[in-house]
Amino acid sequence: MKILYAIVIVVLAGFAARAQTNAEVSTIATNQPAAPATEPRAPTVIHSESWVLDNAARQTIYRGNVHVDDPQMKLTCAWLVVDLPESGHINHIVAETNVVIDFVDDKGQTNHATSDRAIYDFNVKDSVTNETVTLTGNARVENAQYTGTGEPIVWDRANNHFTSTNFTMIFRQSLDNALHKTNSPPATTNELAAPK
Amino acid sequence: MAFIFLFLTFGLSGRAQQKAGGHANNFISTEYYEAPHQQQMKTRLSGAEAQPLPGGLLDIKNFKLETFTLSGQPEITASAPECVYDTINETASSPGHLQLDYGAGKFYVEGDGFLWRQTNSFLTISNHVRSVIKMSPENKAAP
């Protein structure tokens, strides 16, 4: 076994003036001005056991083994509610119960996210595109570098990165590095402690 | 309820005609919005053939359901090879396949077994649901 998961727990909790600071797990800033919408986007395909349209409420509900296949992600859950606006882009989707999302970020890294609930929101204000997926309820993101938990975890799809309040990260480390660093005390500062 | 049933058979003369035994071709049932929009069509049910069944039911072939917004824009277009339309309870149902377009092609869904409740605009598909949502062109954030 070449890989050992060395655990470094970092709690970016509320301390002094930096309380509730958002942990940003990317280097790209959010809410950038949107570029002209020119690229055609592949459609999103959803499979489920059953489906309901409440046309008076302009809402549709997918139930049972819901599978969403989107160009940016794959999502599974038990219950998916899609709002149908009278015009324009679908702007609000709620996924509930055993939500699992797999997506590839802008660095080509595969991410695996789980939560009790995920809420997709889309809007464009002053030429700025905001497209987010907010994970709540045992929200967790895993990738090759770390496992992160937070409440909520917000995936910014417009910029393809995610942020969270009170984000806790458990880093993965190679066996060689881990053997030299065993029994080290846990980090106690507010700084993000990456494995050495 | 502003429902109008039209049983039309287009023969050589082009006049509406109902066949013996109540069987009709080119069935159309139309509902309009309530006042003050009573001139605006809300829902149109249609079928190539309609065969009356006991209890106020109609066995409809090549069923088509269309709904329209207050501004007259098409909203839902659904079709099924066949269904049973309940004229008393204003429902349409079938164990068969249904295809539906919503919002001028932005949203598509299909599946097997459906129930349409006209009174509250409620549609249920019971099995094997597959849906396609066409999102807007990709809005990528500027660097």
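Since this is a predicted model, take the numbers as computed values, not measurements.

Things to note about the overall build of chain A
Of the regular secondary structure elements, chain A holds one helix and 16 strands. In chain A, which comprises 196 residues, the share counted as buried stands at 26%. Sequence separation of at least 24 residues holds for 45% of the intrachain contacts in chain A that already meet a minimum separation of 6.

Focus: the overall build of chain B
The helix and strand inventory of chain B stands at zero helices and eight strands. Looking at chain B as a whole, 27% of its 143 residues qualify as buried. Residue pairs at least 24 apart in sequence account for 31% of intrachain contacts in chain B once pairs closer than 6 positions are excluded.

Details of unusual backbone geometry
Across the junction of Glu151(A) and Pro152(A), the peptide omega takes the value 0 degrees, indicating a cis bond. Among the secondary structure elements, Pro152(A) is positioned in the loop between strand 12 (146-149) and strand 13 (153-156). Here the residue pair Ala35(B) and Pro36(B) is connected by a cis peptide bond, since its omega of 10 degrees sits within 30 degrees of zero. Note on placement: Pro36(B) falls in the loop between strand 2 (24-32) and strand 3 (41-53). One non-glycine residue, Arg58(A), lies in the positive phi region at around 55 degrees. Mapped onto the elements of the fold, Arg58(A) is located in the loop between strand 5 (50-54) and strand 6 (59-70). Phi at Asn62(B) takes a positive value of approximately 50 degrees, unusual for a residue other than glycine. Along the chain, the position of Asn62(B) falls in strand 4 (residues 57-68).

Observations concerning the environment of Gln72(A)
All names here are of chain A. On the secondary structure map, Gln72 appears in the loop between strand 6 and strand 7 (73-83). When the C-alpha atoms of Gln72 and Glu96 are compared, they prove to be 19 Å apart, with 24 residues separating the residues in sequence. When near neighbours in sequence (up to four residues on either side) are disregarded, Gln72 contacts Phe103 and Arg157.

Observations regarding the nonpolar core
Membership of the largest hydrophobic core comes to 53 residues, with the highest contact counts inside it found for Leu80(A), Ala95(A), Ala118(A), Ile153(A), Ile60(B) and Ala92(B). Here this core gets five residues from one element, more than from any other, and that element is strand 8 (residues 92-104) of chain A. With residues near it in sequence (within four places) discarded, Ile153(A) still touches Leu135(A), Ala139(A), Val141(A), Phe162(A) and Ser164(A).

Description of the pairing of strand 8 (residues 122-133) of chain B
Here five bridges tie strand 4 (residues 44-48) of chain A to strand 8 of chain B, and the two strands are oriented antiparallel to one another. Bridge pairing in strand 8 of chain B links Thr44(A) to Ile133(B). Sheet topology note: the strand 5 of chain A/strand 8 of chain B ladder contains four bridges and is antiparallel. Bridging across to strand 8 of chain B, Trp51(A) finds its partner in Ile125(B). Relative to strand 8 of chain B, strand 7 (residues 107-117) of chain B is paired through nine bridges, and the arrangement is antiparallel. In the strand pairing of strand 8 of chain B, Leu115(B) is matched with Thr124(B). Between strand 7 of chain B and strand 8 of chain B, which follow one another and run antiparallel, lie four residues, and Ser121(B) among them has a positive phi close to 55 degrees.

Here we look at the confidence of the model for chain A
Residue and element names in this part refer to chain A. For chain A, the average pLDDT comes to 75, and 68% of its residues sit at 70 or higher. Overall, residues 1-37 carries pLDDT values under 50, and its contacts beyond four positions in sequence, including any with other chains, amount to 74 contacts. Predicted confidence for residues 184-196 stays below pLDDT 50, and this span has 17 contacts to residues more than four positions away or in other chains.

Quick look at the environment of Thr147(A)
Residues and elements named next belong to chain A. Assignment of secondary structure puts Thr147 in strand 12. Along the primary structure Thr147 and Val68 are separated by 79 residues, whereas in three dimensions their C-alpha atoms are 23 Å apart. Setting aside anything within four residues of it in sequence, one finds Thr147 in contact with Arg140, Glu142 and Ile170.

Topic: the confidence of the model for chain B
Residue and element names in this part refer to chain B. Summing up the model confidence of chain B, the mean pLDDT is 81 and the portion of residues at 70 or higher is 79%. Note on residues 1-20: pLDDT under 50 across the span, and 28 contacts to partners over four residues away in sequence or across chains. Here residues 138-143 is a poorly scored stretch, pLDDT under 50, and it has 17 contacts once near neighbours within four places are set aside; other chains count. The ipTM assigned to the predicted complex is 0.80, against a pTM of 0.75.

The rules behind these values
- Counting restarts for each chain: residues are numbered from 1 in the order of the written sequence.
- As they are written, the chains are lettered A onward and the ligands numbered 1 onward, keeping that order.
- Local features are withheld for residues below a pLDDT of 70 in this predicted model, meaning they are given only at 70 or higher, and side-chain atom pairs are given and counted only at 80 or more; totals for whole chains, interfaces and linings count all residues.
- Secondary structure counts use DSSP, requiring at least four H or I residues in a row for a helix and at least two E residues in a row for a strand, with both numbered from the N terminus.
- Buried residues are those with 20 or more other C-beta atoms within 10 Å of their own C-beta, exposed residues have 12 or fewer, and partly exposed residues lie in between; C-beta atoms are placed from the backbone.
- C-beta atoms are first placed from the backbone for all residues, and any pair lying within 7 Å is then listed as a contact.
- As used throughout, a nonpolar core is a set of buried Ala, Val, Leu, Ile, Met, Phe, Trp, Tyr and Cys residues joined through C-beta atoms within 7 Å of each other.
- If DSSP finds at least two bridges between two strands, the strands pair.
- Values of pLDDT, which run from 0 to 100, indicate the predictor's confidence residue by residue.

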